[in-house]
Structures are given as structure tokens and as C-alpha cells.
Amino acid sequence: MGLVESGKLPKPLTQLLNTSRKYSLWMYQWGLACCAIEMAAAMAGPRFDIMRLGVIPLPASPRQSDLLCVSGTVTDKMVPAVRRLWEQMPDPKYVISMGSCANCGGPYWDSYSVTKGVDQVIPVDVYVPGCPPRPEALLEGVVLLQERIQNEDMADKWRGDPIVVS
Amino acid sequence: MTVTESEQLAYVAAKAADARVNVELETDDGMTLNIGPQHPATHGTLRIVAKLDGEQVLWVEPIMGYMHRGYEKLVEVRTYPQITTLVNRIDWLAASCNEVPFILAAEQLMGVEAPLRAQYLRTIFHEMGRIAHLTMFLGDMGVQIGALTPMFYAMRDREFVLNQTESVSGGRFHPNFNRIGGLKDDIPKGWLDETIRIMRKMEAFCDQMEELLLGNEIFEQRTRGIGIIPAEIAQQYGLTGANLRASGVDWDLRRDVDSPMAWKHADFDVITHTDGDCYARTWVRLQETREACKIVTQLCEDLPAGPIMAKVPRIIKVPAGEAYVATENPLGEMGYYVVSQGDLGPFRVKIRTASFHNISIVPWVLRGVYVPDIISILGSLYFILGDIDR
Ligand code: SF4
């Protein structure tokens, strides 16, 4: 879209695009540990049913997804793979970090092999706390992310400098 | 993009992870296929490197450690009450089954025994964990073979069991409810009747699964006669649990070992199957879910009254000594070897988990099979990555 790149996107069009973007998130689920079961309950459980929020789980590849949900313990051995898959996702991309382990190391805060927070290697948009968070908490995280997408200035996002992770 | 220190670290870690696979990826005789570490069929983060000749597997090498959290080192710096929180998360689908053997080992060293009511309740939670675990397996086994529907049924009915756990302990599947000497709290009012009602629901779920999944022609074709493990081989590789029973070995720690748990007061069968193939393993687990429902119902019906906590000091110090206690986890034998030196925490704990030993047969059983059968066999062997790597 030339308008977006030149930064001349009119407000109503931004609103329209953002609304459509926020209700068509393809979620790449990176289930790593216990939290993955709660994520599966949110995805496949008829009681929670994440699809009613417009999130479609199980894309075939990270290259088709907008949203990465890292749920569970990220170990130092796993971290390169997380980073590599995140790099394969097309922009604009969003990350939800689910569970204390992905947020900060959780109960393994003093372990020698656990990465203390996935935000050390990829930028995270929404942190869902809990050990494990209830499936409702993940849904709340998705709603918060959708709010964020709705209020995003797309031109800014496109023009924006590459995100430097530190 | 500037390269930061953590990126540098990640790069080095990637190199190290790749170097661990001692296979050359390009060879003239066959093709190397890498499955995982992120693949729906690996239940998390198992990585399997397979050398293929056409559709046939020449050899495979499972690569583990993507979920290694350093349990045995961590428990050395925790106190006994803190450790139960941690060990909940070894096999995350059946958390109370992980607590029980550790608590029993500590109790054995201290010379205390939980009151009878606590023993009954522990067994009830243990079996409810088993039901939640195996329900997930049944749904997942369908997904592996390509049938998505069983998963939805499993997820629906699993919630009932999780709700019951939650109404007692506050945690959906990490209850952390066992204490040294008994349980944290008593059960709420009306809980027993509700549980019995839910067990009836779960039995109906088992009937449904038997028709929906095991009676399915495609399912039978993809599992019957696939991945046969003879009894001697299974014993040599140290398989335990349903994988061993599906090979025809009548072995169950719940019945064979006299532990201070309430299994001896319940009447249940140990299910075995003679085939040893994928179908047998699924079938055994399905019947075990039924048996677990039976045990829970029986124990709920004749739950004795009384205290739920034995007399233990407020600050728990375990006398010096060594103890090994194992119980029958949904996956197999789960045991803790606790070495205490009389401190607040153990000196050393060796955790014997079932999946680690069950997975060791993978190179043997996958040799010579066809590629689609890899998925059936891995699915029916059923492992939890946290249980393998700890
Ligand atoms: S946050 Fe808790 S429940 Fe989630 S993966 Fe970590 S230990 Fe498991």
C-alpha cells in the first residue's frame, strides 16, 4: 500500500484497516510446557473457544501468522529456535508471552538452563501472568492486544525503525 | 540491527544445539529428516532426526533436552514444602501424581504416616490426575492420526475433572495440595457427590471414545500391527506403565507395592493386552481411564471421617537417611530417591520419570517403519516432555 509507506494514510482508513487486522489474527502457537495445555484448552476447548475473538489457531507455518504465542518454559537450548521462527514471521507481528516462565523464568528463576524471560530475545507485546494462567487470562491478553492494534498508527508502524532488542 | 549480548548468546546456543546432532545432513544413501523441536506430533519439544530410505526409516535419533529445567539441581536449594510446588510441573498433565511419591519418600524418612482420610483423598486426587491425563491422551491420539474431533470431546470432558480439582485446591492442574503428613485442607461440602456424578460422566466419555476413536476403521488400520513391542524387549528397555502392560506384562505398582495409599481398599483390575502394538497401547489407556473412574467412585463412597493431617512440626526437618518411593504415574513408574542430611532441604534427589525410559525404545521401535507410522508410534508411546527432560 503506497499510502501506508508514504505515511499519508487518512484516519478513517487507518481505523478500517486496524479493525480488520485486529479481528483476523492468525496465532502461531508455541506450546512449550504446562502453559501449552491451557493454551490448548483455550484453542480447542469448547468452553473457551478463542476463535470467537477472531483468532485463528494452527496456521501451517509461522510465515502465515501474525501473532506468536509463546507459552511455557523457554530454555536456553530452545531460545535460538524461538528467535528463528519469530524472524520468519512477516511484519507486522505481535507476540504474547503466556505464563510466568515465558515472562520471567517463573518457578525456575534460579535454574541454570532456563531463559529468564522470552523478552530477552524477542519483543513482547502482551504479558499474560500466571502459573499457569487460566484460559480466560489468555483471552484477556488477546483482547488487550486487539485494543493495541486498534489504536496503532499504521504509518508509524511501517515507517518505524527496526526494533532493537536488548 | 545492533547485536546485543543476548543475541550473541543465542547465536552461540544455536551453534551448540546444531553440533549436538552428529549426523551429516547431505548423504547419497538416503535423506535426513528433522522433525521438531516444534512439531505438533512431538507433544512439545522433542526433536527426532530420522534417516530415510524412500518412505522407510533407516534409523532415528531422538534429541532431548529442549525442556531441561534442571530439577535435580533446583530441589537441592529448596526446602521440602517448596519442592512440592516445583515437582508439580514435571509431568504437567497429572500434577498430583508427581507430588505423591516425593511426599511419601519424605514421610518415610520422617517416620510419619498420613491419616486414613488423607490417604483416601490423596488417592482420589491421584486417580483424578490420571483421568485428566489419559483423557488428554485419547484426544491427542486422535489428532496424531488426523482425527480432530476426539480432541474437542476430550477437552470438553476434561474440564469437569479440572473443575473438581480447582474447587478443592484452587489450581486447575497444579493443585500443590499434598503436604508432608497429610493434605492442606479438607474437601468442600457436596464435593463427593459432585465427583461421583462426574465420574459417571467420564465413564460415558470412555464409551463415546471407544466408539468414536477405537471403533474407527481408519484408526484401526493405522494402529493395528504398527510398532509392535514384544514383552522381553519392553522389559529390557525399562518400559513401565501402560506401554508395558500393552505388551502383556502384568505389572502395576498400585497393586504390587504396599504404599500408604488407598489403592488396597479399592477393587480394580490391572488392564493388559497381548498385542503390544499402537492399538493395544491406546486400548489399555482407555480401559485404565475407566478403572480410574471406578477407583474414584469407590473411594468417594467409603471415605472415612477423621483428621487430614498427622502431627508434624511446623518447620519440617527431615532426618538423615535415604529413601526411594515410586508410584504408578499415568505414564509409568515415577520415583524419587531422596538423600537427606537432616537439613531443611534434601541433599540430593534423583527423579526417576517414566517417559525418559519409555522414550529410550524409540530408536528400536522406529527402525524400519514407514514415515506416517512414526507419528502413530510416537503418539501411542505417549510421553510428556517435561517428564523426559525434567
Ligand atoms: S508458568 Fe508455570 S504453568 Fe506455565 S510453563 Fe511455567 S511452570 Fe508451567
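Below, the structure is looked at part by part. (Residues numbered from 1 in each chain as written. Chains lettered and ligands numbered in written order. Predicted model: local features only at pLDDT ≥ 70, side-chain atom pairs only at ≥ 80, totals over all residues. Heavy atoms only, no water.)

Quick look at the overall build of chain A
Right, so step 1: Within chain A, the regular secondary structure consists of seven helices and five strands.
Right, so step 2: Going through the 166 residues of chain A one by one, you find that 59% of them count as buried.
Right, so step 3: Accessible area for chain A stands at about 7100 Å²; split by element, carbon and sulfur atoms hold 57% of it. (Helix = DSSP H or I, 4+ residues; strand = E, 2+ residues; numbered from the N terminus. Buried < 20%, exposed > 50% of the residue type's maximum accessible area, 1.4 Å probe, protein only. Areas by Shrake-Rupley, 256 points an atom, 1.4 Å probe, with all protein chains shown as cover.)

As for the site of the ligand
Right, so step 1: Among the 15 residues in the neighbourhood of the ligand, the closest are listed as Cys 34, Cys 35, Ser 100, Cys 101 and Cys 131 of chain A.
Right, so step 2: Each of chains A and B places residues next to the ligand.
Right, so step 3: Here the ligand is seated within the second largest cavity.
Right, so step 4: In terms of residue class, the shell around the ligand is built from eight nonpolar, six polar and one charged. (Near = heavy atom within 4 Å. 1 Å grid on protein atoms, 1.4 Å probe; cavity = no way out; pocket = protein on both sides within 12 Å on 5 of 7 lines; lining within 4 Å. Sits in = over half its atoms within 2 Å of the grid points. Nonpolar A, V, L, I, M, F, W, Y, C, P; charged D, E, K, R; others polar.)

Concerning the pairing of strand E2 (residues 47–53) of chain B
For a regular strand, the rule is simple: side chains alternate between the two faces of the sheet.
Residues and elements named next belong to chain B.
Right, so step 1: For E2, the buried fraction is high: six of the seven residues fall into the buried class.
Right, so step 2: The sheet contact formed by strand E1 (residues 31–35) and E2 spans five bridges and is antiparallel. Looking across to E2, one finds that Asn 34 is bridged to Val 49.
Right, so step 3: With antiparallel pairing between neighbouring strands as the criterion, E2 and strand E3 (residues 56–63) make up a hairpin whose turn holds two residues, including Gly 54 at a positive phi of roughly 65°. (Pairing = 2+ DSSP bridges.)

Observations regarding the pattern of salt bridges
All names here are of chain B.
Right, so step 1: Throughout the structure, instances matching the rule amount to 29 salt bridges over all chains.
Right, so step 2: Across the salt bridge formed by Arg 254 and Asp 252, the nearest N and O atoms sit 3.1 Å from each other.
Right, so step 3: On the basis of relative accessibility, which here comes to 0%, the residue Asp 252 falls in the buried class.
Right, so step 4: One connected set of salt bridges, linked through shared partners, spans Glu 127, Arg 130, Arg 245, Asp 252, Arg 254, Glu 288 and Glu 328. (Salt bridge = Lys/Arg side-chain N within 4 Å of Asp/Glu carboxyl O.)

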